[in-house]
Amino acid sequence: MYKLRELEREDLKKINKWRNDPDLISCLGAPYRFINEDVDSEWYDKYLNTRGNCVRCAIVDEDKESEVLGLISLVDINYINRSGELHIMIGGSQNRGKGIGTFAVKAMLDHAFDNLNLRRVELGVLETNLPAIKLYEKTGFVKEGIKKESNYKNGRYVSMIMMAILKDDSK
């Protein structure tokens, strides 16, 4: 089985490898850029200084906690609106399609709604990322709109589907 644990500095080497994988980044909303380990170290330091409004967790196997399978984050937490934005990345292609993402999204939603007292979690997903859309729908997210041709990916513009889930709709 899997579990979430807070991201650790030791995880950065593997995460940096993923963030430099053009095939993986082509599935995500972020643009592809070359990222060295110093940039990821600064990114991690910024996370440590902003833990009050974001949660970054490594997805690991319960029996091998040092082996990171993915990263899931809840960012831009707004305690007035009681909302946050979900991001997920499953690293190696051999780990996709095994239920790791489903586990991680459900676990992060439980944390968001039951521990952080949020009432809304939202996300954006590329319209071309059909496995991710299926995952989000399976875990209760609903489509709220489309940002037409908002992301430039691999030489063309791709629309982002905006999705969200409310606490009342999650159980």
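A brief structural summary. In this text, all values refer to a predicted model and were calculated from it rather than measured experimentally.

1. Some words on helix H4 (residues 100-115)
Part 1 of the reasoning: Taking 1.5 Å of rise per residue, 16 residues should cover 22 Å, and H4 covers 21 Å from first to last C-alpha, within 8% of that figure.
Part 2 of the reasoning: Buried residues of H4: Ile100, Gly101, Thr102, Phe103, Ala104, Val105, Met108, Leu109, Ala112 and Phe113, and no others.
Part 3 of the reasoning: One or two positions beyond H4, positive phi appears at Asn117, with a value near 60°.

2. Let's talk about the environment of Leu118
Part 1 of the reasoning: Mapped onto the fold, Leu118 is located in the loop between H4 and strand S5 (120-126).
Part 2 of the reasoning: Along the sequence, Leu118 and Gly97 sit 21 residues apart, while their C-alpha atoms lie 28 Å from each other.
Part 3 of the reasoning: In contact with Leu118, other than residues within four places in its own chain, are Leu74, Ile77, Asn78, Tyr79, Arg82, Ser83, Gly84, Ala112, Phe113 and Lys167.

3. What to know about unusual backbone geometry
Part 1 of the reasoning: Unusually for a residue other than glycine, Asp76 sits at a positive phi of about 50°.
Part 2 of the reasoning: Mapping Asp76 onto the fold places it in strand S3 (residues 64-78).

4. A closer look at the nonpolar core
Part 1 of the reasoning: In terms of nonpolar packing, the biggest core is built from 32 residues, with Ile72, Leu74, Leu86, Val105, Val121, Tyr136 and Phe141 touching the most fellow members.
Part 2 of the reasoning: Put simply, the parts of the chain that give this core at least two residues each are strand S2 (55-61), S3, strand S4 (83-90), H4, S5, helix H5 (130-138) and strand S7 (156-166).
Part 3 of the reasoning: Per-element tally for this core: the top contributor is H4, with eight residues.
Part 4 of the reasoning: Dropping the residues within four chain positions of it, Ile72 is found in contact with Leu4, Val55, Arg56, Cys57, Ile59, Leu86, His87, Ile88, Ala104, Val105 and Met108.

Analysis parameters
- Residues numbered from 1 in each chain as written.
- Predicted model: local features only at pLDDT ≥ 70, side-chain atom pairs only at ≥ 80, totals over all residues.
- Heavy atoms only, no water.
- Helix = DSSP H or I, 4+ residues; strand = E, 2+ residues; numbered from the N terminus.
- Expected span 1.5 Å × (residues − 1).
- Buried < 20%, exposed > 50% of the residue type's maximum accessible area, 1.4 Å probe, protein only.
- Contact = heavy atoms within 4.5 Å.
- Core = buried A, V, L, I, M, F, W, Y, C linked by side-chain atoms within 4.5 Å.

Keep in mind these numbers describe shape, not what the thing actually does.
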